[in-house]
Amino acid sequence: MQKISLLYDASQAVLSTFELDEVLQQILTIARDYFHLQNVAILLREKDDLYVRCQVGWDVGHDKVRLPIGTGITGAAAQQKRPIYAADVSKDARYILSATNTRSELAVPLMVRDHVVGVLDCQSENLEHFDSETIDLLALFSTQASMALQNARLYSLERQRASQLEAINVIAQQMTAVLDLKDLLFKVCLLVQEAFSLCHVSVLLKDGDDLVLRASHGKLTGRVPEGGLPHGEGLWRRALAAGKTLVDNDVKAVSDNGLYVETGSSMCIPLISFGQTLGVLVLDTTHAGAFNTNDTQPLESVADICATAIQNAHYVERVKQLAYLDGLTGIFNRRFFELRIVEELDRARRYNSGMAVLMIDIDQFKRLNDEFGHLLGDEVLRQVSSIFHQQLRKIDVLCRYGGEEFAILLSQTNAVHALGVAEKLRKTVEAWQFPGVPRPVTISAGTANFSEHGSTRDELVKAADAGLYAAKQAGRNRVCLAPTPKRGLAQGSGK
């Protein structure tokens, strides 16, 4: 959450203006205040040299230096396109004096797409000031700083394109406020399409070695139904492979004809965030010859903003996933179970398909903890979780419900199959040799099926729990189907 907060605050600050001096001052202030640094400088690239554009804390006269790419710690960062860290500058031969109080230095390249435009140089009077988390944060912040620098340069060079640059600013500000990936992708397409008067905007994201159409907005007719991509190489795949923007101003003259039936011109821009290619932004218009060379820079700037926002949304998704994982076993927790059972029930009703709930409990787990200790008990929980995970299908949902109890959602499943799955799990656990446990570990399970045992979350969980209770009452180490509910009577009670 610290990373999310930093990225949001930093993006709001550095993207709040297009004036180069203000952007540079914002970057220095954020880097100095957020990371408690004494000396911070921004060096910009001019052909094969780096020069100090602005700094705070450097000794008088040292800010006039020009460094060839590859010289010094900053030059090495620019050359290698990655952060370079000297925990003790006195032991690093690359160090070039800029402030006598410097003890450690971190240089982070400022990159626009795959091109280095400068370096953010951070120095501290403390040895080993920068730990791995701080380096990661500064690397992420540098993407925002790079984007801000590029936008400021565009504004300085092309003031006549003020309306388009204002649109970029609006998009950047709105992108930083959206952290859900699905909502973000829709907003990307909507905002870009409206701001640049395009007929259609599409976002294709990488899925392994291929691309998937994840979002689109506009008035054109898709060539392939249900969000698919046409067969063939396609301009988007060529742009992805080349890692650069490609334009086809006469789409109807080529055989693949693009994503949409009416497309006359298309521009495909790779979505790149700090050197990582995420996908392609596809822009389409109905008439030929719509794009010229002056359109490329503003639209690439928009693509960079979108790419960084998509990368941030990916990170937020990973954070959310962690919130739904059990810290001990690594499987989903009860919070996730409560979300998914509602979705599975909706799906079962919509498609009139089967669905089952399994409630499973490790037999006499308290006695196991008492005899062998909680550390060994925790290891048994982890191994039982692993056994379940290996035996279940990818579409099944495995959750730790609480303590030694597990809940499993089986989609597209009837009563016979659910009992078979539970029995397979029971036999596998019974036969498993748990290191350090001299006796067999067993489980008891109860199964309940939609809609035989209920049609709501509470009814199904209560029914499966009643089946589990019956299995324990019958001597444990067995599987029991939930009792069939009688009309007008409540279903079985809990354990």
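This text goes with the structure placed above it.
The structure displayed is predicted, hence computed values, not measured ones.

Rules behind the numbers
Residues numbered from 1 in each chain as written. Predicted model: local features only at pLDDT ≥ 70, side-chain atom pairs only at ≥ 80, totals over all residues. Heavy atoms only, no water. Core = buried A, V, L, I, M, F, W, Y, C linked by side-chain atoms within 4.5 Å. Buried < 20%, exposed > 50% of the residue type's maximum accessible area, 1.4 Å probe, protein only. Helix = DSSP H or I, 4+ residues; strand = E, 2+ residues; numbered from the N terminus. Polar contact = N/O pair within 3.5 Å; in protein donor to acceptor, adjacent residues only side chain to side chain. Contact = heavy atoms within 4.5 Å. Arc of directions from axis to C-beta. Phe/Tyr/Trp six-rings, centres within 6.5 Å; stacked < 30°, edge-to-face > 60°. Salt bridge = Lys/Arg side-chain N within 4 Å of Asp/Glu carboxyl O. Pairing = 2+ DSSP bridges. Axes fitted to C-alpha atoms, helices over the stretch in contact; angles between N-to-C directions.

Draft legend 1. Layout of the nonpolar core. Counting residues in hydrophobic clusters, the biggest one holds 35 residues, and the most contacted among them are Val192, Val203, Leu271, Leu283 and Ile310. Mapped by element, the contributors of at least two residues to this core are helix H5 (162-176), helix H6 (181-195), strand S7 (200-207), strand S10 (265-273), strand S11 (276-285) and helix H8 (293-323). The greatest single-element share of this core, amounting to 9 residues, is contributed by H8.

Draft legend 2. Spotlight on the side chain of serine 98. Here serine 98 shows up in the loop between strand S4 (84-86) and strand S5 (104-112). A polar atom in the side chain of serine 98 sits 2.7 Å from the side chain of glutamine 123. Filtering out sequence-adjacent residues up to four positions away, serine 98 remains in contact with Trp58, Asp59, His62 and Gln123.

Draft legend 3. Spotlight on helix H10 (residues 365-372). When H10 is considered as a whole, its buried residues turn out to be Phe365, Leu368 and Asn369. Angular distribution of buried residues about the axis of H10 spans 100 degrees; they occupy a single face of the element. Opposite the packed face of H10, turned more than 90 degrees from it, sit the exposed residues Lys366 and Asp370. At the C-terminal side of H10, glycine 373 shows a positive phi close to 95 degrees.

Draft legend 4. A look at the environment of asparagine 333. Mapped onto the fold, asparagine 333 is located in strand S12 (residues 332-333). Residue asparagine 333 is classed as buried on the basis of its relative accessible area of 15%. Residues asparagine 333 and alanine 239 lie 94 residues apart in sequence; the distance between their C-alpha atoms is 41 Å. Asparagine 333 has contacts with Ala323, Tyr324, Leu325, Asp326, Cys399 and Arg400, leaving out every residue within four places of it along the chain. From its side chain, asparagine 333 meets the backbone nitrogen of arginine 335 in a polar contact 3.3 Å long. Of note is the side chain of asparagine 333, whose polar atom sits 3.1 Å from the backbone nitrogen of phenylalanine 336.

Draft legend 5. Quick look at the packing of aromatic side chains. Under the counting rule described, the total for this entry stands at 6 aromatic pairs. Taking the centre distance of 5.7 Å and the plane angle of 55 degrees together, the rings of tyrosine 324 and phenylalanine 336 count as tilted. Pair noted here: tyrosine 324 is in the loop between H8 and S12 and phenylalanine 336 is in helix H9 (residues 334-351), with a separation of 12 residues, a long-range link. Note on tyrosine 324: relative accessible area 25%, which makes it partly exposed.

Draft legend 6. Inspection of the pattern of salt bridges at higher detail. Enumeration over the complete set of coordinates arrives at 25 salt bridges. Across the salt bridge formed by glutamate 423 and arginine 426, the nearest N and O atoms sit 2.6 Å from each other. You can see glutamate 423 and its partner arginine 426 sitting in helix H12 (residues 415-431), 3 residues apart, about one turn around the helix. Here glutamate 423 falls in the partly exposed class, since its relative accessible area comes to 25%. Several salt bridges share partner residues, and in doing so they unite Arg334, Glu338, Arg457 and Asp458 into one network.

Draft legend 7. The arrangement of the sheet that holds strand S16 (residues 443-450) in detail. Taking strand neighbours across the sheet as the criterion, the 6 strands line up as S12-S14-S15-S13-S16-S17 in an open arrangement whose pairing is mixed. Because the sheet does not close on itself, it has two edges, and the strands there are S12 and strand S17 (479-481). Those strands touched by H9 are S12, strand S13 (355-362), strand S14 (397-402), strand S15 (405-411) and S16, and its axis lies near 135 degrees from that of S14. Contacts from H12 reach S13, S15, S16 and S17, with the element oriented near 165 degrees to S16.

Geometry only, nothing functional implied.
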